[in-house]
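Read off the chains here:
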Amino acid sequence: MSTQAVLYDIPGPKARARNWLYTVLFVLVLALVVYFVYTGFDEKGQWAGALWKPFIDGTTWTQFLLPGLLNTLKAAGLSIVIALPIGALLGIGRLSEHKWIRLPVSWIVEFFRAIPVLLLMVFAAAFYAYYTGIDSEIRPLFAAVTGLVLYNGSVLAEVFRAGILSLPKGQAEASSALGLRKTQTMINVLLPQAVTLMLPALVSQLVVILKDTALAGQLTIGFDELIRGSGPLTGLYSNTIPTLIVVAIIFIVLNLLLTQFARWLENKLARRKKAPKGARPVMAATANVVLTRDDASGGAV
């Protein structure tokens, strides 16, 4: 039986005709929206070549767009590197059997997940300004990264927790039967499997981190990210719409690259799970673990 037949009923002639009708209607509506947007901008002269000419000049990129892009990547990269392990620790903490760990961690996650990212950045900027000696030039970067880490670390904690809970209970039971401690089970058995299942959700949240760096360009924070860095262009050439379109295209390209990297990583992890050539897999009846012919004398893998 095919996977399609298992997941849902194969559509009949009427359902296929209805799906085609919906598709055609959606394409027509989308085309009308694009047409009205294009004509509206055309009436305002936003498609004039003079407004787009600055983006051909290399000076525009070296002085305005590329510095802002580098700051965006710097803030997003630092936030991702810090938020991922924090999210993993918080997610594992919420699964702890000890209340003195589980309850405080749950409060932390729910608290920071409920506060908007921009407010966290503003609070962080004020904290660094009044209570630390951090230089004013790098203070906006610290505020941006702090806000992104606090919020997205809490969201990622729920992603990790959901990914671990989605695994069959037999995985933990098999590890316990083999004599593994809970910490060993989490690190060596559950997390490696859960990461593969969580990749789509993780990538979605990483895209959110990348886009939320734009919030740090507010006056209260003053971080020169991509959108704020491109602001002087609109004042010099009066080309607000073309500038925003170029910035939007840059963000789209970055997100597509991040998604492609996640797909490559997912495929690589899937290939690593395959048994090595020449190995004869043997399924243990009670532990649900795979033994290979080469590992039969050395233990389970």
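Thresholds applied
- Residues numbered from 1 in each chain as written.
- Predicted model: local features only at pLDDT ≥ 70, side-chain atom pairs only at ≥ 80, totals over all residues.
- Heavy atoms only, no water.
- Helix = DSSP H or I, 4+ residues; strand = E, 2+ residues; numbered from the N terminus.
- Buried < 20%, exposed > 50% of the residue type's maximum accessible area, 1.4 Å probe, protein only.
- Contact = heavy atoms within 4.5 Å.
- Areas by Shrake-Rupley, 256 points an atom, 1.4 Å probe, with all protein chains shown as cover.
- UniProt positions renumbered as here; feature names shortened; annotations may be inferred.
- Axes fitted to C-alpha atoms, helices over the stretch in contact; angles between N-to-C directions.
- Parallel < 35°, antiparallel > 145°, perpendicular 65-115°, else oblique.
- Left-handed = near helix turned anticlockwise from the far one by under 90°.
- Nonpolar A, V, L, I, M, F, W, Y, C, P; charged D, E, K, R; others polar.
- Phe/Tyr/Trp six-rings, centres within 6.5 Å; stacked < 30°, edge-to-face > 60°.
- Expected span 1.5 Å × (residues − 1).
- Arc of directions from axis to C-beta.

K.L.:
Before we go on, may I ask you to explain the overall build of the chain in this structure?
P.N.:
Helix and strand counts for the chain stand at twelve helices and two strands. Starting at the N terminus and ending at the C terminus, the chain contains elements arranged as α-α-α-α-α-α-α-α-α-α-α-α-β-β. Each of the 301 residues in the chain was classed as buried or not, and the buried ones make up 33%. Taking contacts inside the chain between residues at least 6 apart in sequence as the whole, the part at least 24 apart equals 69%. As displayed, the chain offers around 18900 Å² of accessible surface, 66% of which is attributable to carbon and sulfur atoms.

K.L.:
Looking at this structure, I do not really get the UniProt feature "transmembrane region" (unreviewed entry) in the chain. What am I missing?
P.N.:
The UniProt record annotates "transmembrane region" (unreviewed entry) at residues 20-38, 75-95, 107-129, 141-164, 185-210 and 241-265. Taken end to end, residues 20-38 has its terminal C-alpha atoms 27 Å apart, with 100% of it in helix and 0% in strand. Helix and strand shares over residues 141-164 are 100% and 0% respectively, and the end C-alpha atoms of the span are 33 Å apart.

K.L.:
Explanation requested: the packing of helix α8 (residues 169-177) against helix α9 (residues 182-212) in the structure shown.
P.N.:
Each pair of packed helices can be summarised by the angle the axes make with each other and by the distance between the axes. Close contact between α8 and α9 brings their axes to 10 Å; oriented N to C, the two are set at 155 degrees. The orientation of α8 relative to α9 falls into the category roughly antiparallel. The handedness of the crossing between α8 and α9 comes out as right-handed. Here Q171, A172 and S175 of α8 come into contact with α9, specifically with T185, V189, L190 and Q193. Here the contact of α8 with α9 is built from residues that sort into three nonpolar, four polar and no charged.

K.L.:
Teacher, can you tell me more about the packing of aromatic side chains here?
P.N.:
Given two aromatic rings, one states the distance between the centres and the angle between the planes to describe the pair. Applying the stated criterion to the full structure yields ten aromatic pairs. Aromatic pair F127 and Y131: ring centres 5.6 Å apart, planes at 35 degrees, arrangement tilted. One end of the pair, F127, and the other, Y131, are both in helix α6 (residues 117-131), four residues apart, so they sit about a helical turn from each other. An aromatic cluster is defined as three or more aromatic residues linked by ring pairs; in this entry it consists of Y38, F41, W47, W52 and F55.

K.L.:
Help me out: how do you make sense of the environment of L180 in this one?
P.N.:
Within the element layout of this structure, L180 appears in the loop between α8 and α9. Those residues within four positions of L180 in sequence are excluded, and the remaining contacts are S175, T185 and V189.

K.L.:
It is not clear to me how α6 should be interpreted in this structure. Could you clarify?
P.N.:
Side chains that are three or four residues apart share a direction in an α-helix, a result of its 3.6 residues per turn. Spanning 15 residues, α6 covers 21 Å between terminal C-alpha atoms, matching the ideal 21 Å at 1.5 Å per step. What α6 keeps buried is the set V117, L120, M121, A124, A125 and Y128. For α6, the arc enclosing every buried residue in end-on projection is 135 degrees, short of the 170-degree limit, so these residues lie on one face. Exposed side of α6, more than 90 degrees from the buried face: F123, Y130 and Y131 are the residues found there. Buried residues belonging to α6 abut α5 (99-114), α7 (139-165) and α9.

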